[in-house]
Amino acid sequence: GSGTVDVTVTTSVGTSTAVPADEFTFLAVTGINPQNGQPPLTVTLQGSGFVAGETAVSFGTSAGTNVSVAPGGTQLTVTLPAGTGVVDVSVTVAGITSPAVASEQFSFLTLTGLDFPNAPTVSTNESVTVTGSGFIAGQTTVTLTPLGSSLGTQRTYTLASQFVTVNSTGTALTFLAPFQLGLSGIWAVTATTPNGTSVAAPGLGEVTLQYNGLLEN
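Bear in mind the structure is a predicted one, so any value in this text is a computation, not a measurement. (Residues numbered from 1 in each chain as written. Predicted model: local features only at pLDDT ≥ 70, side-chain atom pairs only at ≥ 80, totals over all residues. Heavy atoms only, no water.)

Enquirer: Looking at this model, I keep getting lost on the overall build of the chain. Mind explaining?
Expert: Helix and strand counts for the chain stand at zero helices and 25 strands. Over its C-alpha atoms the chain spans a radius of gyration of 23 Å, topping by over 25% the 17 Å that the globule rule assigns to 217 residues. Dimensions of the chain, computed from C-alpha atoms along their principal axes, come out at roughly 85 × 30 × 30 Å. Relative to its 217 residues, the chain shows a buried fraction of 38%. For the chain, contacts bridging at least 24 residues in sequence account for 62% of all contacts bridging at least 6. Carbon together with sulfur atoms contributes 53% to the accessible area of the chain, which is approximately 11000 Å² in total. (Helix = DSSP H or I, 4+ residues; strand = E, 2+ residues; numbered from the N terminus. Rg over C-alpha atoms; globule rule 2.2 N^0.38 Å. Buried < 20%, exposed > 50% of the residue type's maximum accessible area, 1.4 Å probe, protein only. Contact = heavy atoms within 4.5 Å. Areas by Shrake-Rupley, 256 points an atom, 1.4 Å probe, with all protein chains shown as cover.)

In C-alpha cells:
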C-alpha cells in the first residue's frame, strides 16, 4: 500500500471507529522527478512514510546522498549517485524498505552500444542507432568528439535535438553521421539531456564511431 490509511478492527459485534491517532502510514515511493539523468543531479521523490534524519534512498545498489525530507513526510530530495542502466528506487526508514515499483524506476543516462549498416565504419549521412537508457525525445543531443592525434585539430560535432530521434521507451536514438568528406578517424559518442551527459555501460569502454571519409551512395 501507499499513503496514510485508517486502521480499524472488526469483530462479531461491529467495527471500531476510525480516529486520526490510529492511522497507519505506508513507506512507499509514488513519484520520481526527474526519472532519468546522471550526476550531478538532484532528484525529488514523492511518497509516504519519509522521516527527517532517518531516511536513506537507494538507486539500485547505490546510495543517494544529501537526503532532505520535507515537513509532512511525503516528499524528499536526494543527490543522485553514479550509476548505469535502469534501477529500482527504494527508501529505507528504521530498517524498513519500501517495495520496488516498476513504474517508479530511475534510468541512468547510459550508452550500451551502436548499430549501423556498415559497421565498424560509418559513412557521411549514414543512419546510426545508439542503444542505452535515459534518452528523452526532443531533448537529447549527440556529441561526436575526435580521438587520437591523427585527427589533428578536427572539430567536435554536436547534433541538436531536432536531428536526433528517440524511441518511445528512451532506450534508443538515431541520427545521421554528419562528417565532412575527406576526413577519417575515430570519434567518441556521448548523449546529453537536460539531466546530464551519458556514460558507457560497465565493461563497454568508450563508445566510438570510425569514419571512413566516404559519402554513402
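Enquirer: Would you explain the nonpolar core in this entry?
Expert: Soluble globular proteins tend to bury their nonpolar side chains together. Counting 24 residues, the largest nonpolar core has Leu-144, Leu-173 and Phe-175 as the members making the most contacts within it. Looking at this core, the elements that each hand over two or more residues are β17 (127-133), β18 (141-147), β19 (157-159), β21 (172-176), β22 (185-193) and β25 (208-215). Judged by nonpolar contacts, the second largest core, of 19 residues, contains Leu-27, Val-43, Phe-59 and Val-89. (Core = buried A, V, L, I, M, F, W, Y, C linked by side-chain atoms within 4.5 Å.)

Enquirer: Would you explain the side chain of Thr-140 in this entry?
Expert: Looking at the element boundaries, Thr-140 is found in the loop between β17 and β18. A polar contact is formed between the side chain of Thr-140 and the backbone oxygen of Ile-136, at a distance of 2.7 Å. If near-sequence neighbours (up to four positions away) are discounted, Thr-140 is found in contact with Phe-135, Ala-160, Ser-161, Val-164, Val-166, Leu-173, Ala-191, Thr-192 and Thr-193. (Polar contact = N/O pair within 3.5 Å; in protein donor to acceptor, adjacent residues only side chain to side chain.)

Enquirer: Is there a simple way to explain the pairing of strand β15 (residues 110-115) in this structure?
Expert: Each regular strand displays side chains that alternate between the two surfaces of the sheet. Across five bridges, the pairing between β15 and β17 is antiparallel. Across the sheet, Gly-113 pairs through a bridge with Thr-131, a residue of β17. When β15 meets strand β24 (residues 199-200), the two strands line up parallel, connected through two bridges. Note on β24: the bridge partner recorded for Leu-111 is Ala-200. (Pairing = 2+ DSSP bridges.)

Enquirer: Where do I start with the sheet that holds strand β5 (residues 28-33) in this structure?
Expert: Taken in spatial order, the four strands of this open sheet run β5-β7-β11-β10, and their pairing is antiparallel. At either margin of the open sheet sits one strand with a lone partner, and together these are β5 and β10 (65-69). Recorded for the sheet is a direction-independent mean angle of 25° between the axes of neighbouring strands. (Axes fitted to C-alpha atoms, helices over the stretch in contact; angles between N-to-C directions.)

Enquirer: When you look at the packing of aromatic side chains in this model, what are you seeing that I'm missing?
Expert: Working definition: an aromatic ring pair is given by the centre-to-centre distance plus the angle between the planes. For the coordinates displayed, the defined rule picks out eight aromatic pairs. Geometrically, the ring pair formed by Phe-179 and Tyr-211 is tilted, given 4.5 Å between the ring centres and 35° between the ring planes. Linking Phe-179 in the loop between β21 and β22 with Tyr-211 in strand β25, this pair joins segments that are 32 residues apart in sequence. For Phe-179, a relative accessible area of 3% puts it in the buried group. Judged by its relative accessible area of 2%, Tyr-211 is buried. (Phe/Tyr/Trp six-rings, centres within 6.5 Å; stacked < 30°, edge-to-face > 60°.)

Enquirer: What is the right way to read a nonpolar patch on the surface from this model?
Expert: On the surface, Val-5, Val-7 and Phe-24 cluster together to form a nonpolar patch covering roughly 230 Å² of accessible area. Relative to the elements of secondary structure, Phe-24 occurs in strand β4 (residues 23-25). (Patch = residues over 30% accessible without salt bridge, like charges linked within 9 Å, V, L, I, M, F, W, Y side chains within 5 Å. Salt bridge = Lys/Arg side-chain N within 4 Å of Asp/Glu carboxyl O.)

Enquirer: Could you clarify how one ought to interpret the side chain of Gln-38 in this entry?
Expert: Along the chain, Gln-38 turns up in the loop between β6 (36-37) and β7 (42-48). Polar contacts involving the side chain of Gln-38 include one to the main-chain carbonyl oxygen of Leu-109, which spans 3.2 Å. Non-local contacts of Gln-38, meaning those with residues more than four positions away in its chain, are made with Leu-80, Gly-83, Phe-108, Leu-109, Thr-110, Asn-195, Gly-196, Thr-197 and Val-199.

Enquirer: Could you clarify how one ought to interpret the sheet that holds β15 in this entry?
Expert: Strand pairs in the sheet, formed through backbone hydrogen bonds, run parallel or antiparallel to each other. Across the sheet, five strands lie side by side as β20-β21-β17-β15-β24; this open sheet has mixed pairing. With one partner strand each, in any of the chains shown, β20 (165-166) and β24 form the two edges of the open sheet. The pairing of β17 with β21 spans five bridges and is antiparallel. For Val-130, the partnering residue across the bridge sits in β21 and is Leu-173.

Interpretation note: all reported values are geometric properties and have no functional meaning in isolation.
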